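Chains, contacts and geometry: an overview
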Amino acid sequence: MTVALLAATPVFLTKGDVTPEAELRAEAEATWKALEARYVAEAGGAPARAPATLSLQRGEGMLPSRNGQGRPGVVELRQNTPGVLEARLRVALRHELAHQLLWWACPASAEDRLFHEAFALAVSGELAEWREAPYQSMASASVELARNPDVDTPRARRALARVLNEDAGFPRALTRRLRQCQDGARWAVPLSVEELAGVAVEAAASATVVLNRHSGEVLFAEGDLKRAMPYGSTLKPFVVAGSAAPPPVLPSRADVPEWSCGDELPGNVDVKTALLRSCNGYFLDWEGQGRAPPKAFGPWGPVLAAVGLSSEPLDMADAIGLRSTLRISPWGLAQAYRLLAEARPELMAVLADNAALGTLSELSVSKAFVGVATKTGTVRDAESRPRLGWIVAVDEELIAVVARPGKMPRSFANEVPELLAKVRRKRVGQEAARVQVLGLVASGAVEAQCQGMGFALVGRTPRAVPEGFTKLAPLVSKGAAVCLGSPWRVRFPEAPAGRDYAGVFSWSPPPLHLPPPGVPSNPHSFKARRGSDFLFRTTRLQYTAGVVSAEDASLTGEPRVALARVVAHNERHPDSRHPGRPLCDTTHCQTFLGTVRVKPEEERALGLPPPRWRKWLPFSQGGQTPWREMRSRTQVEFLLGQGVTGLRFAEGRMLYLRTKREGGAVFDVSESHPCELLRSALKLPACPQTATFMDTRVLFEGRGRGHGEGLDVEAAKASGSSHEQILERAYGQ
């Protein structure tokens, strides 16, 4: 291997006119080895023949714009200070040796100036330097190269660098051509600008994804959702969100192509106009003023990285998709917009005007986007033709991302309202449902884990959630907590295995709860009636399925449809349980133990009209199974008061006499309270039918389970009736 390596390194001859000679030869040898290694890696092998001798000498009569030039076997260099191999000379040496390597390894390409210059720029380290130049569009770069196909001026080399910088790694068009060299194929067609630039978007594919912004569930998917592709202008809202300072108002510049963003552009442009019209010039000038947000999207950089952004942007042109260097998948883009919609509703309000004032205005379908926030993006080739179009749409429930190869977003905008309508028809119950959760558990004992990508919002700023289980209360103390790509897993001492919660957690302590005077209570019922510090938002469908499963997982068919209709109805009527607050997740409201698999009965129930009643609809397990429970007399008197006698039950209430002393008089007073207060406090299966007082104990007897009001689930199971008949029998007039 050593012999082969030495044989592949040419002999470098110097004349003493570029000094120091030994250092120059050492630099040339090291550079050659690096260039040859790159060739072998990309071409898949090394040339069979040995390279010729190369002469390194001072250039005579070189143009002022050049630091080096050459012909096969000869490299000429400009040295301004004898004895000093300054950085400029070293770059020129690498550039010219790249040409020498191609003349040796790929003689068939000798007349292809664009290929030679592209390879030399790509391997000499010059691309990073050209990146610092002012932004140049692909279209203008293409025009410049068409004017100067020999690429022998600084303007032409800048244009070529612009095209090469479109690809984050080594340009794949060059890799294909180098393999052609190694295979000995005929060089029939010279390399074109289109071939160089088009490689960055050749991976474009049609894809559609719709997810629910509350639960994160993917509701519709078509195409390759995980394929990372150039994203066009779709990340501009994240640039705005990442800015620590208010975005400026900037003067528009009609003579700059990047400011060509619609007719009658105002003389001064604010960020709303820039977003709606997708004005590239605004964002580039914002960066040019030195006041733009960080290049990596500020606090939103970790979010985009977590959902699959290929790498960190180097400048604003990268961030806003003017260069197709970076990529993200449709799935990842949808996840990022889910968090953005949660954190920045005011940005969604701006984007909701896009169909009226922005890139989707004045279309026959524009009116169908009322209430929908949209952002478009277009990826173009070197000739400014659309290679990939994007539309992101966000409404109150859904997030849709649509990518179409070879199309402008306006040409397929009609697909988006149709898509959203189709998803709603097929996937009912996608609107938000809110529930107070885990109220019976001490808030400090609740832990949560996101197995996807977890973020807690501190005001409007996302912060990554630590891996593994962590206390939930600190996560939601300053804003919502969102798990992208997965449900939350929540555990506490009574449920160490944990439960799934597909949705968004937030912190909302309930108001002070005081039991009504004279109403019996205990610590358990007090907690249930107080509510919870944790609010959880999911979909009505997911909530309904969770409650039905928690109340009776074995329920099927028409009875399950009936109960699901009641559960969904009650979610919209929480005031009889917690005025001004969502329902709780205990038997005081409706038991909810987290996210479960939705059954067809729940989907069917939410596709039906709501029940005709406009109040809370009670239900219980019911049944006729007899039961007997013993409780201490002390417990009963603690709830009902001393001297209780004549305790009886009727129509869901308990009635009894209680001895009362007032002044010197002793007399009995009658009391009446809902039976549910006694049942829940004493944890009885149902409201009793009888109560027998003994010396120190009380015997309760009854039938079935639950409070005995409204829908009797066990009776519904045995009835064989339709869901409509079950509801009419339970609630009647």
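As a reminder, the structure under discussion sits directly above these lines.
The following refers to the structure shown. Numbers given to residues run from 1 along each chain, matching the order in which its sequence is written. In keeping with the predicted nature of the model, local features appear solely for residues at pLDDT of at least 70, side-chain atom pairs appear and are counted solely at 80 or more, and the whole-chain, interface and lining totals rest on all residues. As a rule here, side-chain values cover all heavy atoms of the structure and leave hydrogens and water aside.

A cavity here means a set of points on a 1 Å grid, drawn over the protein atoms and nothing else, where a 1.4 Å probe fits but cannot get out; a pocket is an open set with protein on both sides within 12 Å along at least five of seven lines, and a residue lines either one if it has an atom within 4 Å of a point. Grid points are joined across faces, edges and corners, and a volume is the space filled by probe spheres set on the points. In this structure, the largest pocket encloses a volume near 1200 Å³. Taken together, 46 residues make up the lining of the largest pocket; nearest its centre are Thr-586, Thr-587, His-588, Thr-591 and Arg-679. Numbering of helices and strands starts at the N terminus; helices are DSSP runs of H or I of at least 4 residues and strands are runs of E of at least 2. Among the elements of the structure, strand E19 (495-501), helix H20 (523-530), helix H21 (540-552), strand E22 (619-620) and helix H25 (675-682) are those that each provide at least two residues to the lining of the largest pocket. Broken down by class, the residue content of the lining of the largest pocket amounts to 18 nonpolar, 14 polar and 14 charged. Of the voids in this model, the second largest pocket is the one considered here, and its volume is about 1000 Å³. Residue lining of the second largest pocket: 37 residues in total, with Ser-260, Cys-261, Arg-277, Ser-278 and Arg-380 positioned closest to the centre. Those elements giving two or more residues to the lining of the second largest pocket turn out to be helix H6 (138-147), helix H17 (354-357) and strand E9 (373-380). Note on residue categories: nonpolar means Ala, Val, Leu, Ile, Met, Phe, Trp, Tyr, Cys or Pro, charged means Asp, Glu, Lys or Arg, and polar means any other residue, Gly included.

Moving on, we get to the environment of Cys-675. Position of Cys-675 relative to the elements: it lies in helix H25. Relative accessibility decides the category of a residue: with a 1.4 Å probe and only protein chains considered, values under 20% of the type maximum give buried, values over 50% give exposed, and everything between is partly exposed. Residue classification places Cys-675 among the buried residues on the basis of a relative accessible area of 0%. A sequence separation of 20 residues divides Cys-675 from Leu-655, and the C-alpha atoms of the two residues are 8.7 Å apart.

Criterion for a disulfide: a pair of cysteine sulfur atoms within 2.5 Å. What the rule picks out here adds up to five disulfides. In this model Cys-261 forms its disulfide with Cys-279; the gap between the sulfur atoms is 2.0 Å. The disulfide joining Cys-261 to Cys-279 has a torsion of about 95 degrees about its S-S bond and is therefore right-handed. One end of the pair, Cys-261, is in the loop between strand E7 (250-251) and strand E8 (268-269); the other, Cys-279, is in the loop between helix H11 (271-277) and helix H12 (280-288), with 18 residues separating them in the sequence. No difference in accessibility class separates Cys-261 from Cys-279, as the two residues are buried. A sulfur-sulfur separation of 2.5 Å characterises the disulfide bridge that pairs Cys-584 with Cys-589. Across the disulfide from Cys-584 to Cys-589, rotation about the S-S bond amounts to roughly 110 degrees, and the bridge is consequently right-handed. As far as burial versus exposure is concerned, Cys-584 and Cys-589 are alike and both buried. Sequential numbering of the bridged cysteines in the protein gives the disulfide pattern 1-2, 3-4, 5-6, 7-8, 9-10.

So, about the sheet that holds strand E5 (residues 207-212). Read from one edge to the other, the open sheet built from five strands follows the order E6-E5-E11-E10-E9, with strand pairing classed as antiparallel. The two strands at the open ends of the sheet, each matched to only one other strand, are strand E6 (218-223) and E9. Sheet twist, expressed as the average angle between the axes of neighbouring strands with direction ignored, equals 10 degrees. Only heavy atoms matter for contacts: two residues are in contact if any of them lie within 4.5 Å across the pair. Axes, fitted as lines to C-alpha atoms, cover a helix only where it is in contact. Angles between the N-to-C directions of the axes lie from 0 to 180 degrees. Strands E5, E6, E9, strand E10 (386-394) and strand E11 (398-405) of the sheet are contacted by helix H15 (residues 330-343), whose axis makes an angle of about 30 degrees with E5. The strands touched by helix H18 (residues 415-426) are E5, E6, E10 and E11; relative to E11, the strand with the most contacts, the crossing angle is about 135 degrees. Note on pairing: two strands pair once DSSP finds at least 2 bridges between them.

Here we take up H25. For H25, the tally of buried residues reaches eight of eight residues, placing the bulk of the element in the interior. Listing the buried residues of H25 in full gives Cys-675, Glu-676, Leu-677, Leu-678, Arg-679, Ser-680, Ala-681 and Leu-682.

With that out of the way, let us pick up the packing of aromatic side chains. Each Phe, Tyr or Trp ring, with Trp reduced to its six-membered ring, pairs with another whose centre is within 6.5 Å; inter-plane angles below 30 degrees give stacked pairs, above 60 give edge-to-face pairs, and intermediate values give tilted ones. Per the stated rule, a full pass over the model turns up 16 aromatic pairs. Ring geometry for Trp-32 against Trp-104: centres 5.6 Å apart, planes inclined by 40 degrees, an arrangement best described as tilted. Placement of Trp-32 in helix H2 (residues 21-43) and of Trp-104 in helix H3 (residues 87-105) is noted, with a sequence separation of 72 residues between them. For the pair Trp-32 and Trp-104, a shared accessibility class is recorded, and that class is buried. Site record: aromatic cluster; members linked through ring pairs are Trp-488, Tyr-501, Phe-505, Phe-536, Tyr-543 and Phe-592. Just above the ring of Trp-187 sits the side chain of Arg-177; from NZ or CZ to the centre is 4.9 Å. As a reminder, the over-ring test applies to NZ of lysine and CZ of arginine, requiring each to be within 6 Å of the ring centre and within 35 degrees of the ring normal. Over the ring of Phe-469 we find Arg-491; its NZ or CZ atom is 3.9 Å from the centre of that ring.

This next bit is on the side chain of Ser-508. With respect to the helices, strands and loops of the structure, Ser-508 is situated in the loop between strand E20 (504-507) and H20. Within polar-contact distance, the side chain of Ser-508 engages the side chain of Arg-581 at 2.7 Å. For Ser-508, the contacting residues outside a window of four places in its chain are Ser-532, Asp-533, Leu-535 and Arg-581. Here a polar contact is taken to be a pair of N or O atoms separated by no more than 3.5 Å, where protein atoms must pair a possible hydrogen donor with a possible acceptor and residues adjacent in sequence count only if both atoms sit in side chains.

Moving on, we get to the sheet that holds strand E14 (residues 453-458). The six strands lie next to each other as E12-E21-E20-E17-E14-E15, forming an open sheet whose pairing is antiparallel. At either margin of the open sheet sits one strand with a lone partner, and together these are strand E12 (432-437) and strand E15 (461-464). Sheet twist, expressed as the mean angle between neighbouring strand axes with direction ignored, is 25 degrees. Two strands pair when backbone bridges link them, and E14 and E15 are joined in this way by four bridges, in the antiparallel orientation. Among the inter-strand pairings, Leu-457 is bridged to a residue of E15, identified as Pro-462.

Note that all results are geometric; they support no functional claim without further evidence.
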